[in-house]
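Architecture and fold: a report
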Amino acid sequence: MRKSRSWILWLIVGLTIVSVLAPLAQHDERDGFEMQKFGRLPVLLNGRIKPLDTVARTSLLIIQGKQTLTIEHGEMTAIDWLAEVMFKASEADRRKIFVIRSPETQAAIGRNDPAEKYFSFLDLSSHLQEIEQQADLAQKVEAQVRSPFQRDIIKLFERLTLYHRLQNTLEVAGTENFKAQIDDLLKNIHPSQVPMNSGITAEALQSLGFLAETGYFFPIPPVPPNDDPLQWRKMGESVLQFITAGDLHPAVSAWATMASAYAANDPAGFNAELDRYSDWVREHFPNRVHKAGVESVFNQLEPFYSAMIIYLLIFILACGSWLAWPQSLGRCAYVLLVVTFVIHTAGLITRMYLEGRPPVTNLYSSAVFIGWGAVLLGILLERFFRNGIGSATASAIGFLTLLIAHHLSLDGDTMEMMRAVLDTNAWLATHVVMVTLGYASTFLAGFLALTYIVRGAFTPSLDRATANSLARMVYGIVCFATLFSFVGTILGGIWADQSWGRFWGWDPKENGAALIVLWNAIILHARWGGLVRQRGLMVLAVFGNVVTSWSWFGVNMLGIGLHSYGFMDSAFPWLIGFALSQILFMLIGMLPLHTWRSQLEAPRAPPVREMTKVSA
Amino acid sequence: MATATLPNEFLKPLRVFASLRLTVVCLGCGMLLIFLGTLAQVHLGIHAVQARYFQSLLVFWSPRGADWKIPILPGGYLLGTVLLVNLIAAHATRFEVSRKKIGIFLLHLGVILLLLGQLLTGLYARETQMRLDNGQTLGYSEAPREVELAVIDVTDPSFDQVVSVPEEVLARGGTIQNPTLPFTIGIRRFLPNARLTMRAQEPNAPVSLATTGFGPNVVVTELPRTVKDDERDLTSAFIEINGVQGSLGTWLVSNAIADRQSFSVNDHSYELIMRQRRFYKQFALTLIHFEHDRYAGTDIPKNFSSRVRLLDSERGENREVLISMNDPLRYRGYTFYQAGFDNNDTTTILQVVKNPAMLLPYIACGLVGLGLLVQFSMHLFGFVRKRNR
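Residues numbered from 1 in each chain as written. Chains lettered and ligands numbered in written order. Predicted model: local features only at pLDDT ≥ 70, side-chain atom pairs only at ≥ 80, totals over all residues.

**As for the overall build of chain A**
Regarding its fold elements, chain A presents 24 helices and 6 strands. Seen along its three principal axes, the alpha-carbon backbone of chain A occupies a region of about 100 × 60 × 55 Å. Counting across all 616 residues of chain A, residues that qualify as buried make up 47%. Counting only contacts in chain A whose residues sit at least 6 apart along the sequence, the fraction spanning at least 24 positions is 73%. (Helix = DSSP H or I, 4+ residues; strand = E, 2+ residues; numbered from the N terminus. Buried ≥ 20, exposed ≤ 12 C-beta atoms within 10 Å, placed from the backbone. Contact = placed C-beta atoms within 7 Å.)

The following block contains the structure:
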């Protein structure tokens, strides 16, 4: 590359890194309240101790489908929103965060305006009973056969329930001065085994019981400090404990002070208590606080989201390199690919650290890992062949898988606890990683083959040398795919033998894995037997995309079997569309050569028979 | 040029089976079979799918309600066998034994073991269940989908003498004679699955075959065998007890009837019951405690475990064992897995598996992995070396 262009390359790389790290420089300090620090406080939810920031983001995602809230003057972060929901119920109730698109669901709340899609809790509050009733009716129908309205109304009900529970976690929604109430209790209560004898009023007791039952997350850490997640308590539980046993937990008055200060618009009081409580938890739970801090930085950086966008940029650069400036653009794409791979890897490692698990634990992380594996192999291919193909295909898969991951993350927290049989790091690290790498490499082979077909049929850019190098890449990657998917699948069988007593049970997910192994074996045997040549190899490899997407997603949509993750109705049309598009590319790949724009004369050498010698 | 050492005439018929084309066709059929067998699970239970698609020679299709069927695909057993022959024939005719082929050889050996292992498992493995309540001791497990007729001599209060007739014998019909019983058992009718209703609810139903016991008051309607995993066949039969003096009556027995029915012959008292088929072990298990752990603040199960006492007087074993998810008890050829629970966490359900071919997949996995690794790394290094030259 000429020197004059190299500074542009480094400028692009530098700008990318700066834009990825930029969110760290932002300081969220809404109206003087230290919200960033507030978001780092650890709480327990769904079995995992996480920063309040994660609770805020996942809740807002579930309720409105986005991690930030658009308001009249700019944007509101998730943690700002959560603080308002918990401490200023009347204001939060006016925010239009509930999206209702279906006209039928709108009818259920007495609305009929297609232009109006966003509703506030206040808008919906007079229809809560109807919504609950309809949701109850819909719940009685089996999940697979529910109508779109039934699914929609159940979702709406769940979102409203979540909102209601968030509001009633730290204090009963609408409480004006929670700190004063706690102080009153401290002054007037004589703790007693029988709560009614402690001097507490029946109303206060009732509202504490409500708080203990309704609360969404567990804000009160164990006393004396220890690492057992089972000992975290809800606000209501902890106060009730004080009434029966004495000793008010210091966290109770800390949260109550913050609540009252926020409600009274007193940033100084809020920040002072926040500092005091932050120091207290850091002193007693240093590991938890450290992890929560790492997690909130991770949330802020959104490394997979950034990587997704850069992969798209790389794809454009790499494809561009086949049209103009192959050297400069190709090199730029490659360097960016490596940089993005580092970001991707850092994200993956952070997740592993936070979860204490191998990389793949659910469908979301499988998407992230498939992208990672494909990019790694793509970088190796690019190092060998230096023709932009490795960069283009790897970045395409990286982009698509992270896009899928992004959509999967809309369901809430992506770091879930592992159900009983899955609670084993040894098998997650071996079987699951192997099978997922099998997916990644089968996809990579399929996308390389797509490159061959698209460039060959629609552009004049596929010359014999490029075609031959693509054939070598596809062949090599299919070999890799066979290795990973075969060994991974058998390891899965052994896991099943260890935990369920049978090696193979014809469960849909097992069958899906077996299909990938069989398809890769078919490709290799058809090639060795001379049943297909170069283009045939490409056409077969494209079908690998269909088989893998079936195994990865399709079987989960059947809603049966031990591996099913629930019914993902919304993804179904996409899967069908993807499969059809791949079949279309296969058909294009089978068109007579003279209809292709690239002039590929038939290869002169006889078909490769590398592994077998048929006797004459 | 011939590459094998065996005489050519001997190999000729084998070559037909050794072709790569056959391999590809078999693998393709295998994919189709697995795909259809997956889709079928939407409507059929896993047991029905296994029997129809994978543990069969041919897969049949018949339109809804029709009584004819046509074969549409080779079943798992047929495909597996053809692949096995194909693989062995290929090695006998085409492959040179050489260092370059060692990877392929290991890998194919692994595949052969895998196929054999699945065949043997399908034929000889037995899966039963043991349901233990807190404190209960059992020396047998039960087949969840198979019944037996037990004829129990309860004359001696200190022990029961049991003669049990397995389902397959009942299904054959005819008359059963056993040297320890002073009577024969005639099978008047056998129903693999049936619905039982009280006669009072269906007064117009035809008269029952049964003449004594619960039978006369019950109307039995035959049903097809269930194809769902969460349903159990209510297998029923009408049996006639014939002593030397002639018939003592006809009884209805069914695994839907939990109570025993009694009669006596020659001063001996007998009881009849149809129950899930039992497999007695040389040892017994007692459930000490079942534990169901959840993650904090959720209903997500973290672990299930059963603390049991293993009693084996023959071998002098008397010890506590913890059976938990991913950590089974293996003892005397049986493996006990934590499979489920019931009755508010006071009952544990253990899956009891006896599989003589259990080790084959482990060996196969090693061979296949090693073979693929060796073969592909030889390729990769060859490729890199060529490029670097």
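Next comes the rest of the description.
**Describing the overall build of chain B**
A count of helical and extended segments in chain B gives 7 helices and 18 strands. For 389 residues, the compact-globule formula gives about 21 Å, and the C-alpha radius of gyration of chain B, at 28 Å, lies well above that figure. Counting contacts in chain B only where the partners sit at least 6 residues apart, residues at least 24 apart contribute 56% of the total. (Rg over C-alpha atoms; globule rule 2.2 N^0.38 Å.)

**Concerning the sheet that holds strand 6 (residues 174-177) of chain B**
Residues and elements named next belong to chain B. Taking strand neighbours across the sheet as the criterion, the 4 strands line up as 6-7-10-11 in an open arrangement whose pairing is antiparallel. In this open sheet, the two strands that pair with only one neighbour each are strand 6 and strand 11 (246-254). The sheet shows a mean angle of 25° between the axes of neighbouring strands, direction not considered. Bridge count for strand 10 (residues 236-243) against strand 11 is 8 bridges, and the pairing is antiparallel. Paired with G243 across the bridge in strand 11 is G246. (Pairing = 2+ DSSP bridges. Axes fitted to C-alpha atoms, helices over the stretch in contact; angles between N-to-C directions.)

**Observations regarding the domain arrangement of chain B**
Assigned domains within chain B: domain 1 (8-125 + 359-388), domain 2 (127-138 + 280-354) and domain 3 (144-278). Taking the mean C-alpha position of each, domain 2 of chain B and domain 3 of chain B sit 31 Å from one another. (Domains from an automatic or database assignment.)

**Considerations on the domain arrangement of chain A**
All names here are of chain A. Each domain of chain A was delimited in the assignment, giving domain 1 (1-23 + 303-413), domain 2 (33-87 + 168-301) and domain 3 (425-602). One C-alpha centre belongs to domain 1, the other to domain 3, and the line joining them spans 21 Å. The interface is formed by 22 residues belonging to domain 1 together with 22 residues belonging to domain 3. Of all the secondary structure elements, the ones that give two or more residues to the side of domain 1 that touches domain 3 are helix 18 (363-385) and helix 19 (389-408). In terms of residue count, the dominant contributor to the side of domain 1 that touches domain 3 is helix 18 (10 residues). Across the side of domain 1 that touches domain 3, the residue classes break down as 15 nonpolar, 6 polar and 1 charged. (Nonpolar A, V, L, I, M, F, W, Y, C, P; charged D, E, K, R; others polar.)

**Digging into helix 7 (residues 360-388) of chain B**
If you check helix 7 of chain B, its first and last C-alpha atoms are 42 Å apart, about what 29 residues at 1.5 Å a residue would give, namely 42 Å. If you follow the buried residues of helix 7 of chain B, they end up packed against helix 21 (464-500) of chain A together with helix 5 (102-124) of chain B. (Expected span 1.5 Å × (residues − 1).)

**Some points on the packing of helix 13 (residues 250-263) of chain A against helix 14 (residues 267-284) of chain A**
The angle between the axes and the distance between the axes are what describe a pair of packed helices. All names here are of chain A. In contact at an axis separation of 8 Å, helix 13 and helix 14 are set at 155° when each is read in the N-to-C sense. Here helix 14 runs roughly antiparallel to helix 13, going by the angle between their axes. For the pair helix 13 and helix 14, the crossing hand works out as left-handed. Residues P250, A254, T257, M258, A261 and Y262 of helix 13 form the contact with helix 14, whose own contacting residues are G269, F270, E273, L274, R276, Y277 and W280. Partitioning the contact of helix 13 with helix 14 into residue classes produces 9 nonpolar, 2 polar and 2 charged. (Parallel < 35°, antiparallel > 145°, perpendicular 65-115°, else oblique. Left-handed = near helix turned anticlockwise from the far one by under 90°.)

**So, the interface of chain B and chain A**
Facing the 53 residues of chain B at the interface are 57 residues of chain A. Broken down by element, the side of chain B that touches chain A gets its largest block of residues, 12 residues, from helix 2 (residues 20-39) of chain B. Here the side of chain B that touches chain A is built from residues that sort into 30 nonpolar, 18 polar and 5 charged.

**Examining unusual backbone geometry**
Here the bond from V223(A) into P224(A) is cis, since omega is -15°, no more than 30 degrees from zero. Among the structural elements, P224(A) can be located in the loop between helix 11 (202-214) and helix 12 (235-245).

**With respect to the environment of I316(A)**
Residues and elements named next belong to chain A. Relative to the assigned elements, I316 resides in helix 16 (residues 303-320). Take I316: there are 14 C-beta atoms within 10 Å of it, and that puts it in the partly exposed class. Along the chain, I316 and S395 lie 79 residues apart, while their C-alpha atoms are 9.2 Å from each other.

**What to know about the pairing of strand 14 (residues 301-312) of chain B**
Residues and elements named next belong to chain B. With 10 bridges joining them, strand 13 (residues 268-294) and strand 14 adopt antiparallel strand pairing. Across the sheet, the residue bridging to F290 is S306, located in strand 14. A loop of 6 residues connects strand 13 with strand 14, the two strands running antiparallel in sequence, and G297 in this loop sits at a positive phi of about 70°. Where strand 14 lies against strand 15 (residues 317-324), 8 bridges are found, and the strand directions are antiparallel. Each residue of the ladder has a partner; that of L310, found in strand 15, is R319. Hairpin geometry of strand 14 and strand 15 is characterised by an intervening segment of 4 residues between the two adjacent antiparallel strands and by a positive phi of about 65° at G316.

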